[in-house]
Amino acid sequence: MRSNLAKRVVTPHPSPPVLDANSSSAKVSPERFWGSYRPQVYFGMKTRSPHSIVTGMMWMRQFAEMDVNLRHTCEQGDRLHGYGWLMHDGLTFGVQEIRDGDLTLTTEFVKRMGGDHGGDWTWRITAKQHSSAPQAPVISLMFYAAADTQGSLEAHVEERNRLASITGFSEELGNFKITFRKPVTGELSSAKYASYNYLQTVSPGLEKLTEIVKYSLNRRFVYSPPSGEKRHYIAVDTYRPPHNQQKPADPRKESAFVVHQVTVQTPFQIEVLFESGSFHTRPNQLVASVMTQELERRKAEFEAKFEKIFGLQSRGFSQTHIRFGKAALSNMLGGMGHFYGQSVVQSAYNEYPLLYPPGALFTAVPSRSFFPRGFLWDEGFHQLLLSKWDPQVTRESIGHWLDLINMEGWIPREQILGDEALSKVPAEFVVQRNENANPPTLFLALQELIEQLSSNPEKWDSQPTLPFLRRLYPRLKTWFEWYNTTQTGPLPHSYRWRGRDRDTNLFLNPKTLTSGLDDYPRASHPSADERHVDLHCWMALSSGIMASVARLLGEPHQDYERTHQVLSDNNLLNELHWSEQLRAYSDFGNHTQAVSLQQEKVYVPPGQPRHQFPVARLVRSVRRAPKLQYVNALGYVSLFPFLLHVLTPDSPKLEHILRDMRDPDKLWTPYGLRSLSKSDPLYMKRNTEHDPPYWRGPIWINLNYLAVRALHHYSNVEGPHREKAAALYEELRTNIVNNVYRQYAETGYIWEQYSDNTGRGQGSHPFTGWSSLTLLIMAEQY
């Protein structure tokens, strides 16, 4: 019995998958086969297949103070002045700008369909220098192709050490050729002097590419431009693994890796051309002026579609605001990744973690530098924006996520698929536990797809939604049931997040990562008596959308309808969650506010050396015993009945919520709503000595988006609070848009969160996941 229960966590859901096994293949979806699906590198492309050939670019500055300043994977430590997509349509082209000191690299790509393997593409890299330094910098660009356990690559070298092209073969791509064109000063101008080097070796895994290049660098090469001094520069030579490499890497993973290095003085432009062997009717090569024309055509189409959907120009936004809006959308599209691998999971019945079945995931990522992987609750917010642009991306992403569901109805909330993804994750976050949820935000994106379908059933891009929902439905039902059974609270129709931190002694307030609001204050002493108001509201929303989907499909919907009515009943909500003392909606649990972090006392016996005893830690001191009561913390959680439109428009509670929101001593700032009231005892308090406040004051755009959307909703329905909601709507919308835009203009980035004191961007960057919802706020599309 126990071994059966232990297997359930890794047993796939029995219903047919939402997406056919070959739905991402070049045969079925040629125009989406190749893409910038490697969001974790500054520039690279791969296909949507499990073991794709990957292509990418690294660069470094020669003759610089910093010896080896190799750039490859997106790292905050690189301190770039800004990088990100300025335009990207998710399908055919992208334009990105990277600002590294006084150097600007523009990376452009454009695709062309033809043949049976996803067609051709061309990259163009343009390097320019800003400052008027007497000597223009000399840059090395390294273009590479690497196989991932399958496929072959062959280097073609001319003039002794210039890699002119790579030919290759793989199952998904057939025969192909990658050509490296020589650098020129501009599209129509002459070739520039350059030095060339190449590396041909094998890699033990894609996550090792940067390391292999670093260990193959040598400074024996001479850069001797026709007019100028000869200097030694650093270039790839032969790969010598470091001495301390313990056991040899898994030989089954060893794959071909070829690098072309070109060292040239700025300004210059270089093109790299990928040609598919099965494209027999190619009219011409996609290079030089042909590429320029193709790019211009794509850009014009992008501009027209962007204005048609978001209408920023007709709303009177300036050109710089519109450019910012395009960057927000483009970074979300350019942040789509295709991952393949196995999660590491554990249930209460497993002694050790197990490997989940291998799976693919096509998903947007929150941050290319810090979170370049899929997060369940982020993705629902991402798809709110992407569904407006391309509903097919949203259907495919939701399909991929629900195809990762197991027989219990659980989806691992953080997807760490493949060695590259794994190399970016601290060990303690790798194992996913099957009692742990994440807010079911994918229902928000489903709601959007349903609305698009109902409002315009004839529109061609909404047509596939109905058959998609039909395939999704068996998994969606199990997913909803999983929440409704595993996350129930102590009272009927109450809910409780599982997976709170257990070691209460070390945390000022044990975290609830599963709620998505990590360190937001919950009951001080986790127990089974807790009731969480945000989860109650997520379940009210989800049951309503389940009823809509069931009705659309002609499936029995009465049970969902009943659940929705019960959970939306404001009397029940007040009974479970209204705190008269705080006059706000609250969690309930075993709680005391009399807690603080104190230096632990370490007893050192007389005469004993101090350094032999443990370092004193900060530990929690509880001055008053906890008791069952409302957790009187005012912040995002208190707003959920309003944020998810659970409150009726005539609810007297709405008045309190709107008043608290607008109070500068509580939630209001000139930049957006802060996450925790300024007057709360835990406002901006560290959770441990190493754990700065996260959801305890800073402004987060996803919840501010929900707040603006809710104000818009309540200002458009009959009720006593209509005018107040309308006034707050205008004010809050303006504050958020102005601040996120201003920070982008000043710093070059959209940020994870914003300071409630100064509005400054903080946390990880670029964070062009849900912070990009600023575009929907600008466009007033909710």
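Residues numbered from 1 in each chain as written. Predicted model: local features only at pLDDT ≥ 70, side-chain atom pairs only at ≥ 80, totals over all residues. Heavy atoms only, no water.

The name given to the protein chain in an unreviewed UniProt entry is Mannosyl-oligosaccharide glucosidase, with the source organism recorded as Takifugu bimaculatus. Per UniProt, the comment on the protein chain under Pathway (unreviewed entry) is "Glycan metabolism; N-glycan degradation." Its UniProt record gives the protein chain the following Subcellular location (unreviewed entry) comment, quoted word for word: "Endoplasmic reticulum membrane". (UniProt positions renumbered as here; feature names shortened; annotations may be inferred.)

Draft legend 1. Seen up close, unusual backbone geometry. The residue after threonine 266, namely proline 267, is reached through a cis peptide bond having omega -5°. Relative to the assigned elements, proline 267 resides in the loop between β15 (255-265) and β16 (268-276). The linkage connecting histidine 765 with the following residue, proline 766, adopts the cis geometry, with an omega of -10°. Even without being a glycine, arginine 160 presents a positive backbone phi close to 75°. (Helix = DSSP H or I, 4+ residues; strand = E, 2+ residues; numbered from the N terminus.)

Draft legend 2. How the structure looks around the UniProt feature "domain: Glycosyl hydrolase family 63 C-terminal" (unreviewed entry) in the protein chain. Cross-referencing UniProt, the feature "domain: Glycosyl hydrolase family 63 C-terminal" (unreviewed entry) maps to residues 288-780 in the present numbering. For the annotated span residues 288-780, helix accounts for 43% and strand for 11% of the residues, and the straight-line distance between the end C-alpha atoms is 40 Å.

Draft legend 3. Representation of helix α9 (residues 465-486) within the structure. A rise of 1.5 Å per residue sets the reference length of α9, with its 22 residues, at 32 Å; its end C-alpha atoms lie 29 Å apart and thus fit the reference within 8%. Taken as a whole, α9 carries its principal kink of about 50° at tyrosine 473; the proline proline 474 stands between one and four residues after it. (Expected span 1.5 Å × (residues − 1). Bend = angle between axes of the 7 residues up to and from the residue.)

Draft legend 4. Layout of the sheet that holds β16. If you walk across this open sheet you meet the eight strands as β4-β5-β6-β7-β16-β11-β10-β9, and the pairing is antiparallel. Bordering the open sheet on either side are β4 (82-88) and β9 (152-158), each of which pairs with just one other strand. Shown here is a sheet whose adjacent strand axes are inclined to one another by a mean of 15°, direction ignored. Here strand β6 (residues 103-112) pairs with strand β7 (residues 120-129) via ten bridges, running antiparallel. From the neighbouring strand, phenylalanine 109 faces β7, where its bridge partner is tryptophan 123. (Pairing = 2+ DSSP bridges. Axes fitted to C-alpha atoms, helices over the stretch in contact; angles between N-to-C directions.)

Draft legend 5. Local environment of the packing of aromatic side chains. All told, the structure shown has 50 aromatic pairs when counted by the stated rule. Pairing phenylalanine 371 with phenylalanine 375 gives two aromatic rings, centres 5.5 Å apart and planes at 85°, and the pair type is edge-to-face. The same class applies to phenylalanine 371 as to phenylalanine 375, namely buried. Look at phenylalanine 443 and tryptophan 479: their rings are 5.4 Å apart centre to centre, the planes differ by 15°, and that puts the pair in the stacked class. Of the two residues, phenylalanine 443 sits in helix α8 (residues 442-455) while tryptophan 479 sits in helix α9, which places them 36 residues apart along the sequence. Residue classification places phenylalanine 443 among the buried residues on the basis of a relative accessible area of 0%. The exposure class assigned to tryptophan 479 is buried, which follows from its relative accessible area of 1%. Across from the ring centre of phenylalanine 588, 4.1 Å away, lies the NZ or CZ of arginine 531, which sits over that ring. Lysine 653 extends its terminal NZ or CZ atom over the ring of tryptophan 578, reaching a point 4.5 Å from the ring centre. (Phe/Tyr/Trp six-rings, centres within 6.5 Å; stacked < 30°, edge-to-face > 60°. Buried < 20%, exposed > 50% of the residue type's maximum accessible area, 1.4 Å probe, protein only. Lys NZ or Arg CZ within 6 Å of the ring centre and 35° of its normal.)

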